[in-house]
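A look at the structure
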There are 4 protein chains.
Amino acid sequence: MEIGIIGATGYGGAELFRLLHNHPEVKNVKLYSSTQSGEFFQEIYSHVNNKNYTLQELNPEEMKQQLDIIFLATPAGVSSELTPQLLGGKGKVIDLSGDLRLKDRETYNKWYKNTAAGEEVIEQSVYGLPEWNKEAIQSASVIANPGCYPTAVLLGLGPVVSKQWADPERLIIDAKSGISGAGKKASEVTHFANTQENFRIYKVNQHQHIPEIEQQLMHWDTDIEPVTFSTHLVPMTRGIMSTIYVDLKGSHTLDELIQLYEEAYEQEPFVRIRKAGEFPCTRDVYASNYCDIGLALDDRTGRLTIVSVIDNLMKGAASQALQNMNLAVGVEETTGLNHIPVYP
Amino acid sequence: MEIGIIGATGYGGAELFRLLHNHPEVKNVKLYSSTQSGEFFQEIYSHVNNKNYTLQELNPEEMKQQLDIIFLATPAGVSSELTPQLLGGKGKVIDLSGDLRLKDRETYNKWYKNTAAGEEVIEQSVYGLPEWNKEAIQSASVIANPGCYPTAVLLGLGPVVSKQWADPERLIIDAKSGISGAGKKASEVTHFANTQENFRIYKVNQHQHIPEIEQQLMHWDTDIEPVTFSTHLVPMTRGIMSTIYVDLKGSHTLDELIQLYEEAYEQEPFVRIRKAGEFPCTRDVYASNYCDIGLALDDRTGRLTIVSVIDNLMKGAASQALQNMNLAVGVEETTGLNHIPVYP
Amino acid sequence: MEIGIIGATGYGGAELFRLLHNHPEVKNVKLYSSTQSGEFFQEIYSHVNNKNYTLQELNPEEMKQQLDIIFLATPAGVSSELTPQLLGGKGKVIDLSGDLRLKDRETYNKWYKNTAAGEEVIEQSVYGLPEWNKEAIQSASVIANPGCYPTAVLLGLGPVVSKQWADPERLIIDAKSGISGAGKKASEVTHFANTQENFRIYKVNQHQHIPEIEQQLMHWDTDIEPVTFSTHLVPMTRGIMSTIYVDLKGSHTLDELIQLYEEAYEQEPFVRIRKAGEFPCTRDVYASNYCDIGLALDDRTGRLTIVSVIDNLMKGAASQALQNMNLAVGVEETTGLNHIPVYP
Amino acid sequence: MEIGIIGATGYGGAELFRLLHNHPEVKNVKLYSSTQSGEFFQEIYSHVNNKNYTLQELNPEEMKQQLDIIFLATPAGVSSELTPQLLGGKGKVIDLSGDLRLKDRETYNKWYKNTAAGEEVIEQSVYGLPEWNKEAIQSASVIANPGCYPTAVLLGLGPVVSKQWADPERLIIDAKSGISGAGKKASEVTHFANTQENFRIYKVNQHQHIPEIEQQLMHWDTDIEPVTFSTHLVPMTRGIMSTIYVDLKGSHTLDELIQLYEEAYEQEPFVRIRKAGEFPCTRDVYASNYCDIGLALDDRTGRLTIVSVIDNLMKGAASQALQNMNLAVGVEETTGLNHIPVYP
């Protein structure tokens, strides 16, 4: 296969490059950058020191004829423009940005403070959460790779919401992320001295991943009301934990709940359910495509706590995009992704 | 004043020592340790290299005659035994452990998995949250210094719960702490390689600070039901953030809420309320006695989010104990505590 | 005393502000900024939330009449221009930048790639290393506060070089610093994801502190040849360690060497010498004005290893500037500086 | 191939397990532990949650018949006893401990404060530094995998010392390592609160890797005198940097030196030489088998500075052991090791 990455200089693109480099079915990876074309990739990323990759200028016409898969790892607003130009040829498009995820264009405009993509491409695009949307992904020509937070949240809530066991008016999600989620650009927030030995909350009630989460939840349970979703920055580079608080509609035991989750993900190679009393930490999935989930049921309140962890750059971005690629091109879903997490 | 610290070798004791060293009204600080008496303090803490303090053996009879204030910075179970022996002399006792905080002995037994202190000393002891209990503290002979999490949570919830604006059945508290809260003892959890680049949840629904929080909340609003309280370990040394989710009973604007908080803490030198749209981070209170609070009201859900931060070793332990000491001996509340947080 | 800080928005200025706030002889601190005048200081530093300080525009004419001490915490090139305008009034100037440290203007031009200050102000300025230059500091009207690295290196080398026990051709200094040394400005290097879990070397053989170190070494021993000086970035915010390798000219025991150091710093309140076999770590001096020094003598090679640690923002910048202020205005040297380091 | 790991519960063993899991020529990995046999591996390492590996008791007789390669990732003193029992069968032994590296038994006794292995097994064992000892490794039955520090130091010094360009009396090595080098055991030193925001020096002039470094250096240049070697702990989990100071005997340009290094490692897939003016950081080799090297020549002193970085758990332990395995069993040297470093 011939693969292209547009926006290869960001963290998502660099991770994709790393993963594709070891993917047995990939013959050639081409890197594109609108701002740094002509440079060597290793001038930007010194850890790939011995690889002679030149960043190329975009040429949609040529790309769509030559490439089997085109990944877009670009900032918001780019792929809504670019995707239509890349379709209609041989290649499929997998978009890592938020541009093609929301079906309702007004919602996009409001939360992203930007103009939504055209109706046609939005209609065409399939939400790339493989554990819940596998068939559609397999036949899609455009895949909207989920956001990092939504991946952790939706895998955590999927079983209990799709079963309609959760009180739809009382979902509270407290999410925590490593700094790499803020991207490669230097800023006051990402300055080491502002981040280390610090824990902060940001975009309270205003994170653009809220409508993405709600769209899928409503797909599972039409009664879902707006959720409370808070995001925090952890002084670490990678990793997301979502701690999710659910009021159950009926009465269920913890064993029942764990069984519900185990059955929901029985066929899924990348979701691991912890046994009662055990909870994952973000290190458990470091540099891997896993999502680990633990559950607790509080006798005193009757409330369910769901703990879901991913690596935000992997299952939250690049490795999930590769999982989508595997499905889209018809190779075994785990190809090139079967790593044990890096520990310690 | 002559001051004694029992359990001076732990983090709480060492912080007390540091603060008392610069307190203008303190003449002499004596350090006691049951396990390391005879050693020089600087053999344990090399940062106090030039101070010649020897750890002394406990002698309650002598201590209660000589010392004005005796701090207990000991593990659970110690001060319930020791406090009665230290009373009846000249000195007042300030206990940093959880032994004397819970009025209900059965509740202590259950959550601490330990035997509660005697009824008499529990009755005598006053809960040392100065912002809400100042008068009682001023005349107390035994002060139970609050736990680190309860300090952040109760200062965050006090105004809205005491006003009975909060739905008493729906309090959800998601708390995050730096590692120093786990104490000085080396363990698998505190190993650097298990902590750095890691975020974990622990003691889900089982933290011993839950009954302490509920006891005070019920004091403010007798309708309070069991709360959901989750604790997480952040890869940092100091700092606690509590993100608290409140369903309001009536309808209030954010401005009203901020005003409620500003008025509640108007006279309090160590609580700072942020203006609308701003939220504190843990660095904002590093190595200080401040508790900073920010508020958000979500238009979509009507839910209030309270963000409250402290330094767990300071306002969550040692500096709050000093604030209690100031009140108990009748010096200005801010004496020796008026530091600007250390930043960066 | 009335004090002014020019360049209050950088880390050095903010630390000065924190220290001056608790200095018993300081009545009033005025903050100046050429780029952010008119703003509230707490808009830039949220940890000083309750202090209503407005950043003022510079007015040298007025400042030099009103202020007792004017600190310059400005980038290279500013104080060489500004200092002459601030002299001749009531106030003394303490410059935290590198502009007034080098007596040789050509050397400055070469290493700073900038134009040196005028001869007159350079001649007037006194190198503010109190442990080795106290008398001159006491009567100076302009004090050049030493660089962070030179402070650690020179306090470490002072006794052995001034005694001329060191082989002057073979000094090798391997220095390591926390990130705050790179300043407040966001950049690729200070991005958390580039710094955490990373250790890097920078400016190899080219650091502008090299001539400052050599100037003082040559003052002690005119035979000193150019030194090897390497600087590394440690994934932490504060702290410098200099590991210094010295070939001794004659034969000395470790005890003799330790005695030499103890005697050299006997009267110095802020230098602490470790006993044989013990070495300081950077935490030992965190947020304090101490410089801790340990020594090792290798039987096998005869080589002396000197380990010297400081807090780069404190003894390496702000608290040393305050020490210089105390000396210059004639109050007790330790006033407002007598803190125990913050640990952990 | 059938592979066994003795001491699988330590960091070295766990990394080996991770790497072998993705090695295409490895069919089966058996894990052995003398202290935790019977336990599931995932009870110790939650990140391998879905792998059902049971820790087995050691049975040397059986192991040496069944296994192709036996890795020993055991503490000092174990493999000197165990190795002789594992030889004489089908399998080759690769020892990650320091037991079989030193040819002189007295030297071992002195530096390891332990009894050396028997003469026979020491004689048999081959030093597993593939870049400098490939042929011997290919035919060895016992391979002593190099220590982490020696790997970084020797790859850094090899070209210039083997060419005898270095002054043999003046080698100074300043090494820095992440905390994982201290192993998995919880201790005061590895406590997060003692390590984070801290930089320390340890075992000054006494590290047991000193004789290992000198043995190989003397192999290259018999004139080598005892070296100065200092080790520091960096507040990070993985990574070693060695900053090495060399007085050159003759006169050489930087270009000549870089060319010397490029030619020395031309055929070596895992050593990367930086161009003039560029230096590697530890992140550049994170979770990979690379050793990256940069060089600087100081005009002023004539001194050469060599900067060499590795991942201490990879090229400094597990991945280098795998490289040795590949050579010993005759598969392509890079098999299962061809990863791009994980960044960020």
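The structure we're discussing is the one just above.
This section reports on the structure supplied with the text. (Residues numbered from 1 in each chain as written. Chains lettered and ligands numbered in written order. Predicted model: local features only at pLDDT ≥ 70, side-chain atom pairs only at ≥ 80, totals over all residues. Heavy atoms only, no water.)

This brings us to the packing of helix H8 (residues 148–162) of chain D against helix H10 (residues 210–220) of chain D. Residues and elements named next belong to chain D. At a minimum axis distance of 10 Å, the contact between H8 and H10 shows a crossing angle of 20°. With respect to each other, H8 and H10 are oriented roughly parallel. Pair H8 / H10 crosses with right-handed handedness. Mapping the contact onto sequence places Pro150, Val153, Leu154, Leu157, Gly158, Val161 and Ser162 in H8 and Glu212, Ile213, Gln216, Leu217 and Trp220 in H10. Class assignment for the residues of the contact of H8 with H10 results in eight nonpolar, three polar and one charged. (Axes fitted to C-alpha atoms, helices over the stretch in contact; angles between N-to-C directions. Helix = DSSP H or I, 4+ residues; strand = E, 2+ residues; numbered from the N terminus. Parallel < 35°, antiparallel > 145°, perpendicular 65-115°, else oblique. Left-handed = near helix turned anticlockwise from the far one by under 90°. Contact = heavy atoms within 4.5 Å. Nonpolar A, V, L, I, M, F, W, Y, C, P; charged D, E, K, R; others polar.)

Turning to the pairing of strand E1 (residues 2–6) of chain C, a few remarks are in order. Residues and elements named next belong to chain C. In terms of burial, E1 is a largely internal element, four of the five residues being buried. In terms of strand pairing, E1 meets strand E2 (residues 28–32) through five bridges, oriented parallel. Looking across to E2, one finds that Gly4 is bridged to Lys30. Traced from E1 through helix H1 (residues 11–21) to E2, the parallel crossover comes out right-handed. Sheet topology note: the E1/strand E3 (residues 69–72) ladder contains four bridges and is parallel. Bridging across to E3, Ile6 finds its partner in Leu72. (Buried < 20%, exposed > 50% of the residue type's maximum accessible area, 1.4 Å probe, protein only. Pairing = 2+ DSSP bridges. Right-handed = clockwise from strand over helix to strand, strands pointing away.)

Chain D puts 49 residues into the contact, and the matching count from chain C is 49 residues. Between chain D and chain C lies a buried interface of about 4100 Å² when both sides are counted; carbon and sulfur atoms form 51% of it. Viewed at the interface, chain C and chain D are joined by six salt bridges. Linking Glu214 of chain C and Arg300 of chain D is a salt bridge whose minimum nitrogen-to-oxygen distance equals 2.5 Å. Linking chain D to chain C there are 32 residue pairs in polar contact (both at pLDDT 80 or more). Elements that contribute at least two residues to the side of chain D that touches chain C include exactly strand E7 (172–177), helix H9 (192–195), strand E8 (200–202), H10, strand E9 (228–233), strand E10 (240–247), strand E12 (291–297) and strand E13 (303–310) of chain D. (Buried area = accessible area lost by both parts, 1.4 Å probe. Salt bridge = Lys/Arg side-chain N within 4 Å of Asp/Glu carboxyl O. Polar contact = N/O pair within 3.5 Å; in protein donor to acceptor, adjacent residues only side chain to side chain.)

A separate point is the relation of the copies chain D and chain C. Mapping between the two chain copies consists of a rotation about an axis together with a translation along that axis. Its rotation angle being 180°, the transformation that places chain D on chain C also includes 0.0 Å of axial translation and leaves an RMSD of 0.0 Å. Accordingly, the operation relating the two chain copies is best matched by a two-fold axis. Looking at chain D, 100% of its interface residues are interface residues in chain C too, so the copies touch through the same face. (Least-squares fit on C-alpha atoms with pLDDT ≥ 70 in both.)

Rotating chain B by 180° and moving it 0.0 Å along the rotation axis overlays it on chain A with an RMSD of 0.0 Å. A shared binding surface is used by both copies, with 100% of the interface residues of chain B retained as interface residues in chain A.

Let's shift gears to helix H11 (residues 254–264) of chain C. All names here are of chain C. Those residues of H11 that sit buried are Leu257, Ile258, Leu260 and Tyr261. The arc that holds every buried residue of H11, seen down its axis, measures 155°, which confines them to one face. Buried-residue contacts for H11 involve helix H8 (148–162), strand E11 (271–273), strand E12 (291–297) and strand E13 (303–310). (Arc of directions from axis to C-beta.)

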